Amino acid sequence: MPKIPVPDVLLRTLGRQLGGPSGPLGTVVARMLNKGNAATIRAAVEALELTGGETAADIGFGGGLGLDLLLAGTGESGRVHGVEPSGDMVTRARRTHAAALADGRLELHEAPMEALPFPDGTLDGWISLNTIYFVADLAPAARELARVLAPSGRGVLGVADPDWMASQAFTKHNFTLRPVAEVVATLEASDLTVEDRTLTGRMPYHLLVCRPTR
């Protein structure tokens, strides 16, 4: 049976929602992101090698699963920040993570990756998965990711295989797909060393583990 093409209007809506979930549909997308990305989010948090007491952030936290995992990894004495450009996702996280907010272990920020709301060297670790597709100019964002990382810290940037992504109809709308080598070069130009840990599965997925070079 031939595939029925998905109307462009639906693909445009999906592309827009994935870049910034909002409204009633955004709630559905948030749940979808938590379920579909669970394995890669867990792998990213594991790559931080948290031992407890750290200050860590999920930059572009979307559905919020990364916040839960970082809260567990940093422990009672740690602190977690969630950064998200979608105001609706910040509002949703205020409901779903009310207890962590109330006890001061979690702080939420509505901000883009290009203007992170932290002083220099604040974070012992950060994760940011499936976010740079929606960043028009990667260089300023990479400089911010490097700026906020403590000298002994590490960050994990997650990107799916760009060839696989290019084969998906929804990425024709609102997505900027970059070769992994280009992403690595941009991070390295921002004074980060990068280790590519490729996960295998239905598609290759790249966890780019970043450490400050100075």
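Just so we're clear, the structure is a prediction, and the values are computed from it rather than from any experiment.

## Some details on the side chain of His-81
Okay, so step 1: Counting through the fold element by element, His-81 comes out in strand β2 (residues 79-84).
Okay, so step 2: Other than its neighbours up to four places away in sequence, His-81 contacts Thr-55, Ala-56, Ala-57, Asp-58, Leu-67, Leu-106, Glu-107, His-109, Phe-118 and Leu-123.

## Looking at the nonpolar core
Okay, so step 1: In terms of nonpolar packing, the biggest core is built from 64 residues, with Ile-59, Leu-70, Trp-126, Ile-127, Val-156, Leu-187 and Leu-208 touching the most fellow members.
Okay, so step 2: Counting residues per element, this core draws most heavily on helix α3 (residues 38-48), which supplies seven residues.

## Quick notes on the packing of helix α7 (residues 138-147) against helix α9 (residues 180-189)
Okay, so step 1: Two elements in contact, α7 and α9, have axes separated by 8 Å at closest approach and are oriented at 50°. Between α7 and α9, the interaxial angle falls into the category oblique. When the axes of α7 and α9 are compared, the crossing they make is right-handed. Where α7 abuts α9, its residues Leu-138, Ala-139 and Ala-142 lie against Val-183, Thr-186 and Leu-187.

## Examining the pattern of salt bridges
Here the idea is simple: oppositely charged side chains can pair when their charged atoms come close.
Okay, so step 1: Within the structure shown, the criterion is met by seven salt bridges.
Okay, so step 2: The salt bridge partner of Glu-144 is Arg-147, with a shortest N-O separation of 2.7 Å. Taken together, the residues span about one helical turn, with Glu-144 and Arg-147 both in helix α7 at a distance of three residues.
Okay, so step 3: By relative accessible area, Arg-147 is classed as partly exposed at 25%.
Okay, so step 4: Among the ionic pairs, Glu-195 bridges to Arg-197, the shortest N-O distance being 3.1 Å.
Okay, so step 5: Residue Glu-195 is classed as partly exposed on the basis of its relative accessible area, which comes to 33%.
Okay, so step 6: On the accessibility criterion, Arg-197 (26% relative accessible area) is partly exposed.
Okay, so step 7: What emerges from the salt-bridge pattern is a single network uniting Asp-120, Glu-144 and Arg-147.

## A look at the sheet that holds strand β3 (residues 106-110)
Okay, so step 1: Across the sheet, which stays open at both edges, the seven strands sit in the order β3-β2-β1-β4-β5-β7-β6 with mixed pairing between neighbours. Looking along the sheet, the strands with just one partner apiece sit at the ends: β3 and β6 (192-199). If you compare each strand with its neighbour and ignore which way they point, the axes differ by 15° on average.
Okay, so step 2: Sheet topology note: the strand β1 (residues 55-59)/strand β4 (residues 123-129) ladder contains three bridges and is parallel. Along β4, the bridge assignment pairs Ala-56 with Gly-125.
Okay, so step 3: Packing against the sheet, α3 makes contact with β4, β5 (149-160), β6 and β7 (205-212), and its axis sits at approximately 160° to β4.

## Concerning the pairing of β5
Okay, so step 1: Summarising burial for β5: ten of the twelve residues are buried, a large majority.
Okay, so step 2: The pairing of β4 with β5 spans six bridges and is parallel. Residue pairing in the sheet places Leu-123 in a bridge with Leu-149 of β5.
Okay, so step 3: Chirality of the crossover, the property in question, places the unit of β4, α7 and β5 among those that are right-handed.
Okay, so step 4: Here β5 pairs with β7 via six bridges, running antiparallel.

What counts and what doesn't
Residues numbered from 1 in each chain as written. Predicted model: local features only at pLDDT ≥ 70, side-chain atom pairs only at ≥ 80, totals over all residues. Heavy atoms only, no water. Helix = DSSP H or I, 4+ residues; strand = E, 2+ residues; numbered from the N terminus. Contact = heavy atoms within 4.5 Å. Core = buried A, V, L, I, M, F, W, Y, C linked by side-chain atoms within 4.5 Å. Buried < 20%, exposed > 50% of the residue type's maximum accessible area, 1.4 Å probe, protein only. Axes fitted to C-alpha atoms, helices over the stretch in contact; angles between N-to-C directions. Parallel < 35°, antiparallel > 145°, perpendicular 65-115°, else oblique. Left-handed = near helix turned anticlockwise from the far one by under 90°. Salt bridge = Lys/Arg side-chain N within 4 Å of Asp/Glu carboxyl O. Pairing = 2+ DSSP bridges. Right-handed = clockwise from strand over helix to strand, strands pointing away.

Without other data, these values stay purely geometric and don't point to any function.
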